[in-house]
Amino acid sequence: MASVEPPRLRRPEQGRVLAGVCAGLAEQLRVPVRAVRVVFALLAPLGGLGIVLYAALWATTGVGRPDPGQPPGIESASRQGRRPEGAEERTGAGPTPGLLAALALLGIGAVMLVDRLVDTPGGAVWPLAVVAVGAAVVWHQAESRESSRAAVVARVVAGTSLVALGLVLFLVGRGDLDVLVDALLAVVVVLLGVGVVAGPWLLRLLRDLQAERAERVRSQERADISAHLHDSVLQTLAVIQRQADDPDAVARLARSQERDLRRWLYDEPLTDPRRLRAALEQAAADVEDTFGTPVEVVVVGDVELQPGGVAEAVVAAAGEALTNAGKHAQAERIDLFAEVSEEAVEVFVRDRGTGFDPDDVAADRRGVRASIVERVERHGGTATVTSAPGVGTEVRLRADLEQV
Amino acid sequence: MSTGTSATSRPARTSVVVVDDHAVFRSGVRAELAGAVDVVGEAADVAEAVAVVRARRPDVVLLDVHLPGGGGVEVLRQVHATEPEIRFLALSVSDAADDVVGVIRGGARGYVTKTVTGPELVEAITRVAVGDAVFSPRLAGFVLDAFAGEPAAMETSGDPGLDQLSPREREVLRLIARGYTYREAARELVLSVKTIETHVSNVLRKLQLSNRRELARWAAARRLV
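Every chain is numbered on its own, with residues counted from 1 as its sequence reads. By the order in which they are written, chains take letters starting at A while ligands take numbers starting at 1. Totals for whole chains, interfaces and linings use all residues, but because this is a predicted model, local features are given only for residues with pLDDT of at least 70 and pairs of side-chain atoms are given and counted only at 80 or more. Excluded from the side-chain calculation are hydrogens and water; included are all heavy atoms of the structure.

## Some remarks on the overall build of chain A
No. 1: Within chain A, the regular secondary structure consists of 12 helices and 7 strands.
No. 2: Per element, the accessible surface of chain A, about 24,200 Å² overall, is 61% carbon and sulfur. Helix numbers and strand numbers start at the N terminus; a helix is a DSSP run of H or I with at least 4 residues, a strand a run of E with at least 2. The Shrake-Rupley method, run with a 1.4 Å probe, gives the accessible areas here. Residue values count only the displayed protein chains as cover.

Following this line, the structure appears as structure tokens:
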């Protein structure tokens, strides 16, 4: 958690077509995965260059998920059956004509590669290609973890059959079928013998390994949870007990702890603090901690904040507006709403507090003009402050997106 | 609103069943609602909830989104199969967009977070009891998010109007997301409160009937392609 891991090429389990090399590469390079696939498909017939590259990357990268998965609270609710399975249907990418064409190109590339590397009569190439496809199916199966048992068996059987078919074709082509039958028979007998002797032991070894792995994952999760509880909840409870005679402080601490725990349990992990949503949530959290007024944050869409850009100025102005509301408004709650549309970023900060008369702005309220309105206008955005005594205040900020 | 103490047999107050698997929360809600509505039953999981709701037939069911036995959606499905007239108000700490939108699509008439204050909760219950929709700022944000993007390019159901919000509905939702009450939104748009309620109910209907498979932009954004 403390150290930032350097980005590492990983093959994701989701969004893959073959082994996830293209998907992982696209994730790493931040380019569309389709483009990567097209490049590989086009490279494939070039003496098999695409195939070799793909195989090399496959062999040297591990399976991983850049997708951090569900937050712990949601995962726990799913495990305990407190959520419907797959709350909203997720569409998977089915095979498209483009994809099939790419696979066909890859296949042709593979055949050409073999043709070039192995100096055999043309008859040997196709059987070898069949063998390769079969092997690929089996290997692919070996590393995926999410299929049903029937699908696993079907795929392994299909892959093995392909391999066997390829070998038979190969040997028939060379007239060595008799040798093959003898050899196969011998192999089958030996395997049966080994199976009878070592079968139960192998099975138990496998089960132990699975149990051990599950136990390790569980204990890691337990350690994570207790570490988190210790760092946050326990500390807060201790402080709350010490300040039990100050209701404001207790409420503030409880709210801050609630926000922290809620974010940890249910929210997406904060990916990038340089984005609008994260920056606004941070500003809201600061105001909650400082003034004790809860801030209801609702953000639709997100956008990257360019240093010195107008969106950054809008976030800073929103922070000022929140601070003003927390400091002066004496409101029960502050509402923060931000929306990123195609054209613009808009942020609204609203409270139902004491308000003030805009025509009667005293000297100490000059800060509003300087820190909110002028700051945003300097960067080409617009800001308006509406307020009335006893009604509350609303600050509206807008930045057109082409100049973010 | 209050009919006084007429002390006759039938209570005129809204009857409520509280469904939540945390006993502490149930008793907290009971205490907060005491005097404003009648809590006529409690349940801690899906099976119990379906049984209690069928037996007591309350005006409103306060329904936790996360519930042992398949979640709040499952309660909605089973109860609405036989008693479609019973109204549900969803309640959750999770704030996970998928779950909240799922419960609304399952037939709940509104959604509030568990941090809602007592008076706000009573108002929401009263609103749901008479058939109105209750949108918290957060739910309004989720719905705006769900209907974002260019609707024309999306695959549409038979009725394309279901797959997008009208500009007016969008305006109303944005005001709610900004923290406006229905009354304040009505004043801002120079409309009647009744019109605002109609817009919000229409949004709810679209959310429930829309066939947009891309209803969750957050799900789409997570995908690689």
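## Quick notes on the overall build of chain B
No. 1: Secondary structure summary: chain B contains 10 helices and 6 strands in total.
No. 2: Buried means the residue's accessible area, taken with a 1.4 Å probe over protein chains only, is under 20% of the maximum for its type, while exposed means over 50%, and partly exposed covers the values in between. Within the span of chain B, comprising 225 residues, buried residues form 54% of the whole.

## Examining the sheet that holds strand β3 (residues 60-64) of chain B
Residue and element names in this part refer to chain B.
No. 1: Strand pairing is defined by DSSP finding a minimum of two bridges between the two strands. In space, the 6 strands of this open sheet follow the order β2-β1-β3-β4-β5-β6, with parallel pairing throughout. Here the strands that pair on one side only, and so sit at the sheet edges, are β2 (38-43) and β6 (134-135).
No. 2: Where strand β1 (residues 15-19) meets β2, 5 bridges bridge the pair, whose relative direction is parallel. Paired with V19 across the strands is A43, a residue of β2.

## Overview of the sheet that holds strand β4 (residues 334-340) of chain A
No. 1: Strand order in the open sheet formed by 5 strands is β3-β4-β5-β7-β6 (chain A), and the pairing between neighbours is mixed. Each edge of the open sheet is held by one strand with a lone partner, namely β3 (295-300) and β6 (382-388) of chain A. With strand direction ignored, the average angle separating the axes of adjacent strands in the sheet is 10°.
No. 2: Where β3(A) and β4(A) come together, 6 bridges link them in parallel fashion. Bridging from a neighbouring strand, A:V297 pairs with A:L336 of β4(A).
No. 3: Whether two residues touch is decided by their heavy atoms; if any such pair falls within 4.5 Å, the residues are in contact. Here an angle of 0 to 180 degrees is reported between the N-to-C directions of two axes, which are lines fitted to C-alpha atoms, with helices fitted over the stretch in contact. Seen against the sheet, helix α7 (residues 167-177) of chain B touches β3, β4 and β5 (344-351) of chain A and runs at an angle of roughly 140° to β4(A).

## Regarding the nonpolar core
No. 1: We call a set of buried residues a nonpolar core when its members are Ala, Val, Leu, Ile, Met, Phe, Trp, Tyr or Cys and they connect through side-chain atoms within 4.5 Å of each other. Ranked by size, the top nonpolar core spans 53 residues in total, and within it B:V75, B:F88 and B:F135 carry the most contacts.
No. 2: Contact partners of B:F88, with chain neighbours within four places excluded, come to B:V61, B:L63, B:V75, B:L76, B:V79, B:H80, B:A108, B:R109, B:G110 and B:V128.
No. 3: Counting 38 residues, the second-largest nonpolar core is a separate cluster that includes A:V297, A:A317, A:V349 and A:L397.

## Notes on the packing of aromatic side chains
No. 1: Side-chain rings of Phe, Tyr and Trp (the six-membered ring for Trp) are treated as a pair once their centres are within 6.5 Å; stacked means planes under 30 degrees apart, edge-to-face means over 60, and tilted covers the remaining angles. Considering all chains together, one arrives at 1 aromatic pair over all chains under this definition.
No. 2: For a lysine, the NZ atom is tested; for an arginine, the CZ atom; a charge sits over a ring if that atom is within 6 Å of the ring centre and within 35 degrees of the ring normal. Directly above the aromatic system of B:Y180 lies the positively charged group of A:R350, at a separation of 4.1 Å from the ring centroid.
No. 3: Stacked on the ring of B:F25, the Lys or Arg B:K114 has its end atom at 4.4 Å from the ring centre.

## Observations regarding the side chain of B:H66
Residues and elements named next belong to chain B.
No. 1: Of note, H66 is situated in the loop between β3 and α3 (72-82).
No. 2: For H66, a relative accessible area of 4% corresponds to the buried category.
No. 3: Of the polar contacts made by the side chain of H66, one reaches the side chain of D99; its length is 2.6 Å. Definition of a polar contact: a pair of N or O atoms within 3.5 Å, with one able to donate and the other able to accept a hydrogen when the atoms are protein atoms, and with sequence-neighbouring residues admitted only if both atoms are side-chain atoms.

## Re the confidence of the model for chain A
No. 1: Residue-level pLDDT values for chain A average 76, and 74% of them are 70 or greater.
No. 2: Residue-level confidence of the predictor is what pLDDT reports, using numbers from 0 through 100. Residue range residues 86-95 of chain A is modelled with pLDDT below 50. Its contacts to residues more than four positions away, or to other chains, number 14 contacts.

## Side note on the pattern of salt bridges
No. 1: Any Lys or Arg side-chain nitrogen located within 4 Å of an Asp or Glu carboxyl oxygen qualifies as a salt bridge. Under the definition given, this model contains 36 salt bridges over all chains.
No. 2: Its salt-bridge partner being A:E346, residue A:R398 comes within 3.7 Å of it at the nearest N-O pair. Of the two residues, A:R398 sits in strand β7 (residues 392-400) while A:E346 sits in strand β5, which places them 52 residues apart along the sequence.
No. 3: The partly exposed category is assigned to A:R398, whose relative accessible area is 31%.
No. 4: Taking relative accessible area as the criterion, A:E346 reaches 16% and is therefore assigned buried.
No. 5: Between B:E42 and B:R30 there is a salt bridge whose closest N-O contact spans 2.5 Å.

## So, the side chain of B:D20
All names here are of chain B.
No. 1: Topologically, D20 is positioned in the loop between β1 and α1 (23-33).
No. 2: Within the local environment of D20, its side chain forms a polar contact with the backbone nitrogen of H22, the two atoms lying 2.8 Å apart.
No. 3: Aside from chain neighbours lying at most four places away, what touches D20 is F25, R26, A43, A44, D64, L67 and K114.

## Some thoughts on a nonpolar patch on the surface
No. 1: Only residues whose relative accessible area exceeds 30% and that take part in no salt bridge are eligible for patches, with like-charged residues grouped when within 9 Å of each other and nonpolar side chains (Val, Leu, Ile, Met, Phe, Trp, Tyr) grouped when within 5 Å. A cluster of nonpolar side chains, contributed by A:W201, A:L202, A:L205 and A:L209, occupies part of the molecular surface with about 420 Å² of accessible area.
No. 2: With respect to the helices and strands, A:L205 occurs in helix α8 (residues 177-242).

## Some thoughts on the pairing of strand β5 (residues 110-113) of chain B
Residues and elements named next belong to chain B.
No. 1: Side chains G110 and V112 of β5 all project onto a buried face; the interleaved residues Y111 and T113 project onto the opposite face, where all are buried too.
No. 2: As paired strands, β5 and β6 are joined by 2 bridges and run parallel to one another. When the sheet's bridge partners are listed, Y111 is paired in β6 with F135.
No. 3: Whether a crossover is right-handed depends on one test, that the path from the first strand over the helix to the second runs clockwise when the strands point away from the viewer. Regarding the hand of the β-α-β motif, the stretch spanning β5, helix α5 (residues 118-129) and β6 is left-handed.

## Thoughts on the packing of helix α8 (residues 182-189) of chain B against helix α9 (residues 193-209) of chain B
All names here are of chain B.
No. 1: Viewed as axis vectors pointing N to C, α8 and α9 meet at an angle of 105°, and their least axial separation amounts to 8 Å. Considering the angle they form, α8 stands roughly perpendicular to α9. Touching Y182, R183, A185, A186 and L189 of α8 are V193, I196, E197 and V200, all from α9.
No. 2: As a working rule, the residues Ala, Val, Leu, Ile, Met, Phe, Trp, Tyr, Cys and Pro are called nonpolar, Asp, Glu, Lys and Arg charged, and the rest polar, with Gly in that last group. Per-class residue counts for the contact of α8 with α9 are 7 nonpolar, no polar and 2 charged. Working definition: roughly parallel below 35 degrees, roughly antiparallel above 145 degrees, roughly perpendicular at 65 to 115 degrees, and oblique for all remaining angles.

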